[in-house]
Amino acid sequence: MSRIGKLPVALPAGVSVTFENGLITVKGAKGTLTQKVVGDINIKVEGAEAIVEKTSNAVGTDAKHGLYRALLHNMVVGVSEGYKKSLKVNGVGWKVAKQGNKLVMNVGFSHPVEFVEPAGVKLECPSPNEIVVSGIDKTLVGQTAADIRTVRIPEPYHGYGIAYSDEVIERKEGKTGGKGKK
């Protein structure tokens, strides 16, 4: 049996979970999320807890048991608290700014790079070298932050690039200039 799947999901006040026709719907103060469930999985709500159960012992059901419990937990946290990813921009003269629903990045190219804000995600620029991605869907927030990061992946020699705020960039030593050769 899945260790993660056995754990109940605590439902904070104001969050409701329904499971009908293979579709989980989680409603909360920040919005509504849905997730399709495939396989022999059932979800019951008992008081202030949601319990994910297996309905058979078919191959792969244990993995789905833990998967749907984790997805349900992420949905509950998303509609009650939300998710946030922070990125930092490091480079000489590099800056980012929000214009309407676009994030305009000047990150060392000959032209500014525009990134359109996807639906369900909010982009903010509290400073010219910081980007904050927030929303209720954990996967969408993480994917949007990863897409922004791929515009300029941090390089190891100077550390220039767009990195997560908690990311540690392994620095390499540069060339030494041919010492010892004659």
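Anything mentioned here points back to the structure above.
Anyway, here's the lowdown on the structure attached to this text. Quick caveat: nothing in here was measured; it's all calculated off a predicted structure.

Remarks on the overall build of the protein
Counting secondary structure elements, the protein contains 3 helices and 13 strands. Its C-alpha atoms give the protein a radius of gyration of 22 Å, more than 25% over the compact-globule value 16 Å for 182 residues. Dimensions along the principal axes, computed over C-alpha positions, put the protein at roughly 75 × 45 × 25 Å. A total of 182 residues make up the protein; the buried ones form 32% of that total. Expressed as a percentage of contacts within the protein between residues at least 6 apart in sequence, the contacts between residues at least 24 apart total 51%.

Brief notes about the side chain of Ser86
Relative to the elements of secondary structure, Ser86 occurs in strand E7 (residues 83-90). Of note is the side chain of Ser86, whose polar atom sits 3.5 Å from the side chain of Glu130. In this structure Ser86 touches Glu130, Ile131, Val132, Ala163, Tyr164 and Ser165, once residues within four positions along its chain are discounted.

Observations regarding the sheet that holds strand E12 (residues 130-135)
Sheet strands pair via backbone hydrogen bonds, and the direction of the pair is either parallel or antiparallel. The strand order across the open sheet formed by 4 strands is E11-E12-E7-E13, and the pairing between neighbours is antiparallel. Among the strands making up the open sheet, the edge pair consists of strand E11 (121-127) and strand E13 (161-164). Taking each pair of neighbouring strands and ignoring which way they run, the sheet shows an average axis angle of 25°. Its contacts with the sheet put helix H3 (residues 138-149) on E7, E11, E12 and E13, and the angle it makes with E7 is roughly 5°.

Considering the pattern of salt bridges
Using the criterion set out here, one finds 7 salt bridges in the structure. A salt bridge links Lys54 to Asp62; the nearest nitrogen and oxygen atoms lie 2.5 Å apart. Close ionic contact of Lys98 with Glu117 constitutes a salt bridge, the shortest N to O distance being 3.1 Å. A residue pair is termed long-range when its members are at least 10 positions apart, and Lys98 in strand E8 (residues 95-99) and Glu117 in the loop between strand E10 (113-116) and E11 qualify at 19 residues.

Focus: H3
Its 12 residues place the ends of H3 17 Å apart at the C-alpha level, agreeing with the 16 Å of an ideal helix rising 1.5 Å per residue. Among the structural elements, E7, strand E9 (102-106), E10, E11, E12 and E13 are those in contact with the buried residues of H3.

Concerning the sheet that holds strand E2 (residues 16-20)
Ordered by their spatial adjacency, 3 strands build an open sheet running E2-E3-E4, and the pairing between neighbours is antiparallel. Edge positions in the sheet fall to E2 and strand E4 (31-36), since each has one partner strand and no second. On average, adjacent strands in this sheet sit at an angle of 15° to one another, irrespective of strand direction. Judged from the 6 bridges that link them, strand E3 (residues 23-28) and E4 form a sheet pairing that is antiparallel. Each bridged residue has a counterpart across the sheet, and for Gly28 the counterpart in E4 is Gly31. This element, helix H2 (residues 61-80), spans E2, E3 and E4 of the sheet and lies at about 170° to E4.

Here we look at H2
With 20 residues, H2 extends 28 Å from end C-alpha to end C-alpha; this agrees with the ideal 28 Å at 1.5 Å per step. Within H2, burial applies to Thr61, His65, Gly66, Tyr68, Arg69, Leu72, Met75, Val76, Val77, Gly78 and Val79. Downstream of H2 by a residue or two, Gly82 has a phi angle that is positive, lying close to 90°.

Focus on the packing of aromatic side chains
Overall, the coordinates contain 1 aromatic pair when judged by the stated rule. Between Trp94 and Tyr160 the ring centres are 5.9 Å apart and the planes differ by 50°, which places this aromatic pair in the tilted class. With Trp94 in the loop between E7 and E8 and Tyr160 in the loop between H3 and E13, the pair connects residues that are 66 residues apart, well separated along the chain. Cation over ring: Lys85 sits above Tyr164, and NZ or CZ is 5.2 Å from the ring centre.

What counts as what
Residues numbered from 1 in each chain as written. Predicted model: local features only at pLDDT ≥ 70, side-chain atom pairs only at ≥ 80, totals over all residues. Heavy atoms only, no water. Helix = DSSP H or I, 4+ residues; strand = E, 2+ residues; numbered from the N terminus. Rg over C-alpha atoms; globule rule 2.2 N^0.38 Å. Buried < 20%, exposed > 50% of the residue type's maximum accessible area, 1.4 Å probe, protein only. Contact = heavy atoms within 4.5 Å. Polar contact = N/O pair within 3.5 Å; in protein donor to acceptor, adjacent residues only side chain to side chain. Pairing = 2+ DSSP bridges. Axes fitted to C-alpha atoms, helices over the stretch in contact; angles between N-to-C directions. Salt bridge = Lys/Arg side-chain N within 4 Å of Asp/Glu carboxyl O. Expected span 1.5 Å × (residues − 1). Phe/Tyr/Trp six-rings, centres within 6.5 Å; stacked < 30°, edge-to-face > 60°. Lys NZ or Arg CZ within 6 Å of the ring centre and 35° of its normal.

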